[in-house]
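# Descriptive analysis of the structure
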Amino acid sequence: MEKILVLDFGGQYNQLIARRVRDDHVYAEILPYTVSLETIKNGGYRGIIFTGGPNSVYDESSPHYDPAILSLGVPVLGICYGCQLIAWMAGGEVKTAPVSEYGKIAIKTAGESELFADVPESSVVWMSHTDYVSGVPEGFRVTAVTDDCPCAAMENEKRGLYAVQFHPEVTHTEYGQKILHNFLYRICGCSGDWVMDDFIERTVSALREKIGDKRVVLGLSGGVDSSVAAGLLSRAVGRQLTCVFVDQGLMRKYEGDNVERTFTQLFDMNFVRVNCRDHFLKCLSGVTDPEEKRKIIGTEFYKVFWAEIKRLGEGGFFAQGTIYPDCIESGKGDADVIKTHHNRVKLPDDVKFDGVIEPLSELFKDEVRIVGEKLGIPRELVWRQPFPGPGLGVRIIGEVTAEKIRILQDADAIFREEMASTGYESNLAQFFAVLPGVRSVGVMGDHRTYENLIVLRAVTTDDFMTADWARIPYDLLARVSNRITNEVSGVNRVVYDITSKPPATVEWE
Ligand code: XMP
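What counts as what
Residues numbered from 1 in each chain as written. Predicted model: local features only at pLDDT ≥ 70, side-chain atom pairs only at ≥ 80, totals over all residues. Heavy atoms only, no water. Near = heavy atom within 4 Å. Polar contact = N/O pair within 3.5 Å; in protein donor to acceptor, adjacent residues only side chain to side chain. Areas by Shrake-Rupley, 256 points an atom, 1.4 Å probe, with all protein chains shown as cover. Nonpolar A, V, L, I, M, F, W, Y, C, P; charged D, E, K, R; others polar. Helix = DSSP H or I, 4+ residues; strand = E, 2+ residues; numbered from the N terminus. Buried < 20%, exposed > 50% of the residue type's maximum accessible area, 1.4 Å probe, protein only. Contact = heavy atoms within 4.5 Å. 1 Å grid on protein atoms, 1.4 Å probe; cavity = no way out; pocket = protein on both sides within 12 Å on 5 of 7 lines; lining within 4 Å. Points joined across faces, edges and corners; volume = space filled by probe spheres on them.

## Some points on the site of the ligand
Close contacts around the ligand come from Arg 294, Pro 386, Pro 388, Gly 389, Pro 390, Gln 430, Phe 464, Lys 501, Thr 505, Val 506 and Glu 507, and that covers them all. Gln 430 is positioned such that a nitrogen or oxygen atom in its side chain is 2.8 Å from an oxygen atom of the ligand. The fraction of the free accessible surface of the ligand (490 Å²) that becomes covered by protein chains is 68%. A breakdown of the residues in the shell around the ligand according to their chemical character gives five nonpolar, three polar and three charged.

## A look at the environment of Gly 398
In this structure, Gly 398 sits in the loop between helix H11 (379–382) and helix H12 (402–421). Given a relative accessible area of 15%, Gly 398 falls into the buried group. Between the C-alpha atom of Gly 398 and that of Gly 286, which follows or precedes it by 112 residues, the distance is 8.6 Å. Those residues in contact with Gly 398 that lie beyond four places of it in its chain are Val 287, Thr 288, Lys 293 and Glu 509.

## Observations concerning the side chain of Asp 412
Inspection of the secondary structure assignment puts Asp 412 in helix H12. The buried category is assigned to Asp 412, whose relative accessible area is 2%. Apart from the residues lying within four places of it in its own chain, the contact partners of Asp 412 are Arg 252, Phe 432 and Ala 433.

## Notes on the layout of surface pockets
Empty space within the second largest pocket amounts to approximately 280 Å³. Surrounding the second largest pocket, 22 residues form its lining, Gly 52, Gly 53, Pro 54, Cys 80 and Ser 128 being those nearest its centre. Elements with a contribution of two residues or more to the lining of the second largest pocket: helix H1 (14–23), helix H3 (81–89) and strand E6 (122–135). In terms of residue count, E6 provides more of the lining of the second largest pocket than any other element does, four residues in total. Considered class by class, the residues forming the lining of the second largest pocket number five nonpolar, 14 polar and three charged.

Written out as structure tokens, the structure is:
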């Protein structure tokens, strides 16, 4: 398989670069700049991309790399800091400009360049830099300029070295995808063999070979990643796979049944559902502190899960839905060079397996979804919005009780139904109902009521670090409110949360 290395110098767009490359059907792998030259030499890469980074190349503590990387005979594309790094490594000159160049900037290409093939002479790019290449290294020539930047791009075609001061990976760069495409196909000679159908075939046969006639156990959460991992494993080994689904009773209305129906009817596997709502309610009884609730739900979940796994017997493989971003080592300074594996479960000492299988560890989330659709997993599961691990436990403010779960599930289901039937859900990153534990006075017929308040929350966001409250049309909100107050007993008032993040968070707890 053709591979491109994205060498991470700590830039904020490193994953985006890899995703853009993969969107163009070439497999990209991210490694931190601390990786050895030997590893890179042996990696069989068709090309290397240096990412941006927050530093100045003249700062001793900045991430640098062995200049020998430029002489491996593998084409290199440097982006932003990566561009300055190439200049620095190859003996050019980098200076700090009196003012930063930031935002959408017009560039002009200069002369013929494979990198800019089919890119108009004038176009708009995204810039974000203060340092710039003031003197191109020997053997290089400038291939693009802006009004303020004498070297917006440079190259040494003979050595296969290319550098751009701007960010081709962000959509603000008009011809960014084209420029990356030129690097991959015209310069690195890739043919584009990263296609999801091939991935499924290749993975299924590799799984068959690895698993042999042993059994595999997978924890199914109802989320996208574990569901797609289950689909792949089922296709590979059928009933050698046992999926364990712990239903703590804190999922959305009908969600547990939907997960069970999907995996028992559409896939060949052993499906074990552990219903333990009452156990969780008992553990949560009297608990009101949000962090305490999170802790209890997390701890009890794994207790129940491992008890079930042990009951199923020893040996075979343990599978997880870990995806690529969970496995990437960061290039953000030595102190941060750690593996992030928040989606990886630590196996307890007393549970023995022959090995761990992570069939999605090469994939980004969007790719996982494509694989899921190709495997025939229903769209609502593949495109499921994020749902917190502690489930409705953090959407019921204060103590969690069976009655509160019922009210919240019913109200939330109506909100979801209306958003789905009108198609409005495609505008939203996440939306749900919250039960804040507030009662207020109302009137029904001739009676005064004193019932629950439901909060509707809906946000738009790309990354969930910041979020804006969604401008849902009033008529739609009115319909949801009417239905909730009419159909959910115990609710007499509905409000809409119009706070962005920050200062608020998406969830209420
Ligand atoms: P906040 O509330 O922090 O949420 O703005 C950002 C995103 O994270 C999800 N979230 C959680 N997910 N366990 C999870 O697995 C949690 O405890 C948790 N808290 C928040 C939230 O749903 C949103 O998508």
